[in-house]
Amino acid sequence: MTLFTTLSFHHLFLLLTTLFHLFSSTAALGVNYGMIADNLPSPPEVANFIKTQTIFDSVKIFDTNPDVLRAFANTNISVSVTVANGEIPSLTNGRAARRWVNNHIRPFHPQTKIKYIIVGNEVLLFNNQDEINNLVPAMRSLHHALRKAGIQDIKVTTAHALNIFNGVTLPSLARFRNDYAKSFFAPLLLFHRKTKSPFMVNPYPYFELNAMGNKLDYALFKRNPGLFDKHSGKTYTNAFDSLLDKTFSAMSAIGCGDVEIVIGETGWPSLGDGGNLVANLDNAFSYNGNLVKEILSGNGTPLMPNRRFEAYIFALFNENQKPGPLAEKNWGLFRSDFTPVYNAGVLRNGQPVPRPMQPQPTPSLATSVPSGKKFCVPKPGVTDAQLQSNLDYACSQGTNCSPIQPGGPCAEPATARSRATFAMNSYYQSHGQVDSACDFSGTAQITTINPSYGNCRY
């Protein structure tokens, strides 16, 4: 019997507004370090920049890139790593989980302060039943593998997009989706409670604008009439607090309101395509600047007053190779030369940065490719091991891989992703751009964005 069905709403509300006393977490501000770009500085340069120039005390990456893990050794910056969604089913096997820990964690820990292993990213959003059904067993398996290895200070979690609720707008009435409340969220939250690991969510008011009636000021922490929740008696002045309290209400309704909440991703893009009127510099400045103040204040939310959250802004850099609309390439707080896109209040010296003029999209190689030209690239989140396998296969099939050999125009950067991207695309082009030549066991995707850079031509 769930807490929601056994307690009156009045008692549930009293519980919601007092549970924050159980938490001992402190406010922590981190950043998501994505690397889908061809112009980023080296991981050691990034680690030094974060440590010496910003107030970030933690970073989150979307793989287990060994170069990044080595770069953050002895910096006292926490690093969270991610297991690709496609690896989830295999990691339910205890031996496979121990092998994963031995390969991806033990070589770097404890010199690198690895904080979380994030098993999959927004798994429910992608609706792959094999990954959904195996997620909690894989998390248990990795937790046991860590303990077998004598590692006690790394927590196992997973990150959720907020497509996890029913359609109710008011925060106090939010509940997990009926199709997953008992079968998925109940065992997941019990795992979090048992292992003292956090429930990680990715609240993006930017993506919730339609659902909230396009109330832009409400999304941006600006002055607005607010939202009154008649069931709790609380008034919400911003969408971020509302999304967190929806999460808390849904967790409490199945008896797990005592589990810690961590914000895995949130942010706002600073530039979009012509039809996107909300992805601009002013809105990104307003959202992220106010978000930083909100997190560091420790004020909490209406249902969780004085609660101090750990949050990771998305993202550190603009990423010029991300597929999709222009906004997807422009979530970064910084450009690749470390200059700020705008001043979000995260620089250590605290000095204001002049507000630049809103940039306009300009023609580039990536936007002026011949009509109908297609390229084959790895999907985000593909592991280095999978990339190496793709590279080996493509080059063994007669594909011209000489440009990625030492001294070749595409030899640098000498990362698995960069080299595999060239080889996979060459294989795809040599097979007449048929869709089946861009599969690579489900790890590849077709794009019209030209991956060429410098003297490296695709």
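Up top is the structure.
What counts and how
Residues numbered from 1 in each chain as written. Predicted model: local features only at pLDDT ≥ 70, side-chain atom pairs only at ≥ 80, totals over all residues. Heavy atoms only, no water. Disulfide = S-S within 2.5 Å. Helix = DSSP H or I, 4+ residues; strand = E, 2+ residues; numbered from the N terminus. Contact = heavy atoms within 4.5 Å. Buried < 20%, exposed > 50% of the residue type's maximum accessible area, 1.4 Å probe, protein only. Arc of directions from axis to C-beta. Phe/Tyr/Trp six-rings, centres within 6.5 Å; stacked < 30°, edge-to-face > 60°. Pairing = 2+ DSSP bridges. Axes fitted to C-alpha atoms, helices over the stretch in contact; angles between N-to-C directions. Left-handed = near helix turned anticlockwise from the far one by under 90°. Nonpolar A, V, L, I, M, F, W, Y, C, P; charged D, E, K, R; others polar.

Visitor: Teacher, can you tell me more about the state of the cysteines here?
Guide: Cysteine pairs can be linked by a disulfide, which is a covalent bond between their two sulfur atoms. Counted by the stated rule, this structure contains three disulfides. Within the protein chain, bonded cysteines paired by disulfides and numbered along the sequence follow the pattern 1-5, 2-3, 4-6.

Visitor: Please explain the environment of methionine 212 as it appears in this structure.
Guide: Inspection of the secondary structure puts methionine 212 in the loop between strand 6 (199-202) and helix 9 (216-219). As a C-alpha pair, methionine 212 and alanine 239 span 27 residues in sequence and 8.3 Å in three-dimensional space. Ignoring sequence-local partners within four residues, the contact set of methionine 212 consists of Pro205, Tyr218, Ala219 and Ala239.

Visitor: Please clarify how helix 3 (residues 43-53) should be interpreted in this entry.
Guide: Owing to its 3.6 residues per turn, the α-helix aligns residues three or four sequence positions apart on the same side. Taken together, the buried positions of helix 3 are Pro43, Val46, Ala47, Phe49 and Ile50. Within helix 3, the buried residues cover an arc of 160° as seen down the axis, which keeps them to one side. Elements in contact with the buried residues of helix 3: strand 1 (28-32), strand 2 (58-60) and helix 4 (66-71).

Visitor: Can you walk me through the packing of aromatic side chains in this structure?
Guide: A ring pair, where both rings are aromatic, is described by two values, the distance of the centres and the angle of the planes. Across all of its chains, the model carries 25 aromatic pairs by this definition. Ring centres of phenylalanine 176 and phenylalanine 199 lie 6.1 Å apart, and the angle between their planes is 65°; on these two criteria the pair is classed as edge-to-face. With a gap of 23 residues between them, phenylalanine 176 in the loop between strand 5 (155-161) and helix 8 (181-195) and phenylalanine 199 in strand 6 connect regions that are remote in the sequence. Summarising the aromatic geometry, the rings of tyrosine 204 and tryptophan 331 are spaced 5.4 Å apart at their centres and angled 75° between planes, so their arrangement reads as edge-to-face.

Visitor: How do you make sense of unusual backbone geometry when you look at a structure like this?
Guide: Across the chain, the bulk of peptide bonds are trans and the bulk of non-glycine residues have phi less than zero. Omega for the bond connecting histidine 109 with proline 110 falls within 30 degrees of zero, at 10°, which places this linkage in the cis form. Tracing the backbone through its elements, the reader meets proline 110 in the loop between helix 5 (94-104) and strand 4 (114-121). In this structure, the amide linkage connecting phenylalanine 314 to the following residue, alanine 315, adopts the cis form with an omega of 15°. Within the fold, alanine 315 resides in the loop between strand 10 (310-313) and strand 11 (375-378). A positive phi angle, near 55°, is found at lysine 196, a position not held by glycine. Assignment of secondary structure puts lysine 196 in the loop between helix 8 and strand 6. Phi angles above zero are rare outside glycine, and phenylalanine 338 is one such case at about 75°. Mapped onto the secondary structure, phenylalanine 338 falls in the loop between strand 10 and strand 11.

Visitor: Whenever I open this one, the sheet that holds strand 3 (residues 78-83) confuses me. Can you help?
Guide: Hydrogen bonds between backbone groups are what pair the strands of a sheet, and the pairing can be parallel or antiparallel. Strand order around the closed barrel formed by eight strands is 1-2-3-4-5-6-9-10, with parallel pairing between neighbours. Geometrically, the sheet is characterised by an average inter-axis angle of 25° between neighbouring strands, direction not taken into account. Here four bridges tie strand 1 to strand 10, and the two strands are oriented parallel to one another. Among the inter-strand pairings, leucine 29 is bridged to a residue of strand 10, identified as alanine 311. Together, strand 3, strand 4 and strand 5 form the strand contacts of helix 7 (residues 129-148), whose direction differs from that of strand 5 by roughly 155°. Here helix 10 (residues 239-253) sits on the sheet in contact with strand 6 and strand 9 (261-266), set at roughly 140° to strand 9.

Visitor: Is there a simple way to explain the packing of helix 12 (residues 384-396) against helix 13 (residues 416-430) in this structure?
Guide: Two measures define how a pair of helices packs: the angle their axes make with one another and the distance between the axes. The N-to-C vectors of helix 12 and helix 13 enclose an angle of 35°; their axes lie 8 Å apart at closest approach. As helix 12 runs across helix 13, the sense of the crossing is left-handed. Along the contact surface, helix 12 presents Asp384, Leu387, Asn390, Leu391, Tyr393, Ala394 and Cys395, while helix 13 presents Ala416, Arg417, Arg419, Ala420, Ala423, Met424 and Tyr427. Here the residues of the contact of helix 12 with helix 13 sort into 10 nonpolar, one polar and three charged.

All we've got here are geometric facts, nothing functional implied.
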